[in-house]
Amino acid sequence: MTSVKTKINIAIDGYSSCGKSTIAKSLAKELNYVYIDSGAMYRAVALYALQHNLIQPSGAIDEAALEKALDMVLINFRYNTETGQNETHLNGMNVEKEIRTLQVSNHVSRIAGMKAVRQKLVKIQKRIAEGKGVVMDGRDIGTVVMPDAELKFFMVADARVRAQRRYDELRSYGSDVQFEEVLGNVSSRDEYDSSRTHDPLRMAPDAIIINNTALTLDEQFDFVMNHVKRKMEDVSNVV
Ligand code: DC
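The structure presented is a predicted model; accordingly, all values stated were derived computationally and were not measured.

Student: Before we move on, could you go through the site of the ligand and cite the residues and values that matter?
Tutor: Around the ligand lies a shell of 16 residues, among which Arg43, Arg118, Asp140, Arg189 and Arg196 are the nearest. One of the side-chain N or O atoms of Ser38 is found 3.0 Å from a nitrogen atom in the ligand. At a separation of 2.7 Å, an oxygen atom of the ligand approaches a polar side-chain atom of Arg196. Breaking the shell around the ligand down by element, the ones donating at least two residues are α2 (38-51), α4 (102-112) and α8 (179-195). Considering only residue class, the shell around the ligand consists of four nonpolar, four polar and eight charged.

Given below as structure tokens:
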């Protein structure tokens, strides 16, 4: 019989700024699982490209040069005891704040659309998932990275509500952005992420939908935890 403590993998996909990471982090904390923010990894590659002038002012990406440089892009997460969070590091530097700027957001979808970038990051993400006990959020987690995840959620919410959340987050970092600018970015990223050729944003057929437009964080957490508890009982009862 499988141990009661058998660990499962949980995939959380969905549109931009749906609150995926908030739920994923709380879930990982509650279960003592590893939380992986896959979007942060794509953001780190976009930041690298910006830092190395591989993105022209026009927005054009020097894809050949970026592809060549990918082996020099080292991304990892380190636990910060002060914030109690895993923070993103790019080539040894803590870039947790820099990767959240609107400048990075404006370029990240096209970076994430590059086949070579996806191949590199998906490989790392799959390796992490092998250890089980992982909560990972992104766009292709339930479909490509962890198609065998025991539990999959797909989060949706009204675009204006999502933009307001991202706007509040950016303002809290001291950014001088305008709401309409953030709304435009959220909408265009959704459009691009859903229509790109490589691993587009799709809901896995076995995913559970959460529309959190009108849900509080506690309500979302309770909803997700109920599913997790049920799934863990099922898994524990497998002979
Ligand atoms: O979750 P986020 O907004 O931080 O993600 C940043 C971008 O990265 C998003 O526009 C889409 C892309 N992304 C992706 O293509 N695949 C993932 N698994 C995660 C993010």
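This is not the end of the story, as more comes after the structure.
Student: Which residues make up the side chain of Gln125, and what are the values?
Tutor: Along the chain, the position of Gln125 falls in helix α5 (residues 115-130). Classification of Gln125 by relative accessible area gives buried; the value is 0%. Not counting residues up to four positions away in its chain, the partners in contact with Gln125 are Ser38, Met41, Tyr42, Met136 and Val145.

Student: Pulling in residues and values, what's your account of the pattern of salt bridges?
Tutor: The full count for this structure, using the stated rule, is twelve salt bridges. Ionic pairing is found between Glu150 and Lys132, a salt bridge with its closest N-O pair at 2.5 Å. Here Glu150, found in the loop between α6 (141-145) and β7 (151-156), pairs with Lys132, found in the loop between α5 and β6 (134-138); they are 18 residues apart in sequence, far enough to count as distant. Using a relative accessible area of 24% as the deciding quantity, one classes Glu150 as partly exposed. What makes Lys132 partly exposed here is its relative accessible area of 32%. The salt bridge partner of Arg196 is Asp193, with a shortest N-O separation of 3.7 Å. A relative accessible area of 4% means that Asp193 is categorised as buried. Salt bridges here are not isolated pairs; linked through shared partners, they connect Asp37, Glu96 and Arg100.

Student: Tell me about the sheet that holds strand β4 (residues 85-90), residues and numbers included.
Tutor: Spatially, the three strands line up as an open sheet ordered β3-β4-β5, and their pairing is antiparallel. Sheet topology places β3 (75-80) and β5 (93-94) at the edges, where each strand pairs with a single neighbour. Bridge count for β3 against β4 is six bridges, and the pairing is antiparallel. Bridge pairing in β4 places Arg78 opposite Glu87.

Student: Could you give an account of the packing of aromatic side chains, with specific residues and numbers?
Tutor: The full count for this structure, using the stated rule, is two aromatic pairs. For the ring pair Tyr15 and Phe154, a centre distance of 5.9 Å and an interplane angle of 80 degrees mean the geometry is edge-to-face. Residue Tyr15 is found in the loop between β1 (9-14) and α1 (20-31), and its partner Phe154 is found in strand β7; the two are separated by 139 residues along the sequence. With a centroid separation of 6.0 Å and an interplanar angle of 80 degrees, the aromatic rings of Tyr167 and Phe179 are classed as edge-to-face. Here Tyr167, found in helix α7 (residues 159-172), pairs with Phe179, found in helix α8; they are twelve residues apart in sequence, far enough to count as distant. The buried category is assigned to Tyr167, whose relative accessible area is 18%.

Student: Tell me about the sheet that holds β1, and name the residues and values.
Tutor: In spatial order, the strands read β2-β6-β1-β7-β8; together these five strands make up an open sheet with parallel pairing. The strands lining the two open edges of the sheet, one partner per strand, are β2 (34-37) and β8 (208-211). Averaged over all neighbouring strand pairs, the angle between strand axes comes to 20 degrees, with direction disregarded. As paired strands, β1 and β6 are joined by five bridges and run parallel to one another. The residue bridging Ile12 from the neighbouring strand is Asp137, located in β6.

Student: Describe in detail the packing of α2 against α5, supporting the description with residues and values.
Tutor: Following both chains from N to C, one finds α2 and α5 inclined at 140 degrees, their axes separated by 11 Å at the closest point. It follows from the interaxial angle that α2 and α5 lie oblique. Crossing of α2 against α5: the hand is right-handed. Residues Ser38, Met41, Tyr42 and Val45 of α2 lie in contact with α5, whose contacting residues are Val117, Arg118, Leu121, Val122, Ile124 and Gln125. Split by residue class, the contact of α2 with α5 holds seven nonpolar, two polar and one charged.

What counts, and at which threshold
- Residues numbered from 1 in each chain as written.
- Predicted model: local features only at pLDDT ≥ 70, side-chain atom pairs only at ≥ 80, totals over all residues.
- Heavy atoms only, no water.
- Near = heavy atom within 4 Å.
- Polar contact = N/O pair within 3.5 Å; in protein donor to acceptor, adjacent residues only side chain to side chain.
- Helix = DSSP H or I, 4+ residues; strand = E, 2+ residues; numbered from the N terminus.
- Nonpolar A, V, L, I, M, F, W, Y, C, P; charged D, E, K, R; others polar.
- Buried < 20%, exposed > 50% of the residue type's maximum accessible area, 1.4 Å probe, protein only.
- Contact = heavy atoms within 4.5 Å.
- Salt bridge = Lys/Arg side-chain N within 4 Å of Asp/Glu carboxyl O.
- Pairing = 2+ DSSP bridges.
- Phe/Tyr/Trp six-rings, centres within 6.5 Å; stacked < 30°, edge-to-face > 60°.
- Axes fitted to C-alpha atoms, helices over the stretch in contact; angles between N-to-C directions.
- Parallel < 35°, antiparallel > 145°, perpendicular 65-115°, else oblique.
- Left-handed = near helix turned anticlockwise from the far one by under 90°.

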